[in-house]
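Close look at the chain arrangement
Single-letter residue listing:
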Amino acid sequence: ETAVPGEVSNRIGGKPGSDFMVDVIKSLDIKYAPTNCASSFRALHESLINYGENKAPEYLSCMHEESGVGMAHGYFKASGKPLLTMVHGTVGLQHATMGIYNAFCDRVPLFIIGGNDLDAAHRPPGVPTFHSAQDINALVRDFTKWDAQPKTLDETLVAIQRAYNEAITPPLGPTLVVIDSEIQKDNAPNAKVPAYKPPTFPTIDATTTRAIAKGLLDARNPRINVGRLRTPDGVKKSVELAELVAASTSTTATGGPMSFPQRHPLCGPGADTNYDYVLGLEVAGTNA
């Protein structure tokens with residue numbers, strides 16, 4: 001009979017850079033990471049499952065990069081919250097390009113991490129050189145909001161936070177951070193996780209708010225032009241506002257983006273198109 005070996009640790013001493021990356025990702029409160037597995041981010045994959053206990057984010061194995069991007073796109077449209085997805089080198093990013101472009105056109109924040117294997121001396125057997133490049137970000141730079149390819153672990157941790165913040169700051173859009181596999185694997189006992197600072201968004205001042213409220217309440221035939229809305233909560237609040245002041249509304253829901261519900265009784269031109277007060281909820285180039 002073969003003796004059953006005792007418990008063996010699946011980790012060597014120290015702490016790899018990918019563990020610190022998971023610490024940073026966890027600070028962003030991302031629920032899922034739909035991703036097609038790949039060798040160029042194997043260390044980050046391992047850290048998410050074991051060090052991160054596969055929670056917040058939970059790794060969801062996908063059969064294709066475009067599937068992972070599509071799941072992240074749909075999840076945001078339903079919940080208003082972005083997800084993380086990861087892509088492999090040049091070929092994985094090429095597979096994801098159409099999904100990233102769709103998100104760019106739809107103003108959906110995608111937080112994407114790409115893997116890269118530039119260091120040939122440490123590349124595992126069987127990983128082809130042509131799956132790596134000096135600047136794979138160039139494949140999607142025309143339709144991403146921001147990208148980076150950090151050279152050190154400290155730069156990487158900052159870039160992950162910035163990529164997330166850039167994605168969720170209006171106008172929303174996809175962002176990409178490409179991380180070399182050696183940065184993921186290197187032992188980094190002295191690395192520190194930077195404190196996360198969420199982005200701050202400019203808001204309307206109190207004086208303007210009172211002026212708008214007065215205009216809507218005093219109007220006999222108010223109109224609210226509802227453009228693109230960012231979250232399901234924004235849809236709920238636009239309905240509440242229209243109902244409070246009995247304003248007819250427009251919608252861009254027929255064009256695909258999240259907007260005022262097309263079937264709501266107040267959606268349409270109304271009985272009289274001579275409006276005496278019109279409020280526009282979307283300014284060109286931004287999200288309401």
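Our subject in this report is the structure included herewith. Only a predicted model underlies this, so the values are computations on that prediction, with no experimental measurement involved.

1. Section: the nonpolar core
If you look at the biggest cluster of nonpolar residues, it comprises 49 residues, and the most contacted ones within it are Leu44, Ile100, Phe111, Ile113 and Ile160. With seven residues, helix 5 (residues 153-168) is the single largest residue contributor to this core. Formed by 13 residues, the second largest nonpolar core is a distinct cluster that contains Leu216, Ala242, Phe260 and Cys267.

2. Describing the environment of lysine 192
Relative to the elements of secondary structure, lysine 192 occurs in the loop between helix 6 (181-185) and helix 7 (206-218). Judged by its relative accessible area of 67%, lysine 192 is exposed. Sequence-wise, lysine 192 and leucine 157 are 35 residues apart; in three dimensions their C-alpha atoms are separated by 8.8 Å.

3. So, unusual backbone geometry
The omega angle of the peptide bond from alanine 56 to proline 57 is 15°, so this bond is cis rather than trans. Residue position: proline 57 is located in the loop between helix 2 (42-51) and strand 2 (58-61). Backbone geometry places aspartate 29, a non-glycine residue, at a positive phi of 60°. You can see aspartate 29 is positioned in the loop between helix 1 (17-26) and strand 1 (32-35). Unusually for a residue other than glycine, arginine 107 sits at a positive phi of about 55°. With respect to the element layout, arginine 107 can be found in the loop between helix 4 (89-105) and strand 4 (111-116). Look at arginine 107 and you get partly exposed, because its relative accessible area is 23%.

4. Observations regarding the layout of surface pockets
The computed volume of the second largest pocket comes to approximately 290 Å³. Forming the boundary of the second largest pocket are 14 residues, of which Gly80, Lys81, Pro82, Tyr164 and Ile168 lie nearest the centre. When grouped by side-chain class, the residues that make up the lining of the second largest pocket number nine nonpolar, two polar and three charged.

Parameters at a glance
- Residues numbered from 1 in each chain as written.
- Predicted model: local features only at pLDDT ≥ 70, side-chain atom pairs only at ≥ 80, totals over all residues.
- Heavy atoms only, no water.
- Core = buried A, V, L, I, M, F, W, Y, C linked by side-chain atoms within 4.5 Å.
- Buried < 20%, exposed > 50% of the residue type's maximum accessible area, 1.4 Å probe, protein only.
- Helix = DSSP H or I, 4+ residues; strand = E, 2+ residues; numbered from the N terminus.
- 1 Å grid on protein atoms, 1.4 Å probe; cavity = no way out; pocket = protein on both sides within 12 Å on 5 of 7 lines; lining within 4 Å.
- Points joined across faces, edges and corners; volume = space filled by probe spheres on them.
- Nonpolar A, V, L, I, M, F, W, Y, C, P; charged D, E, K, R; others polar.

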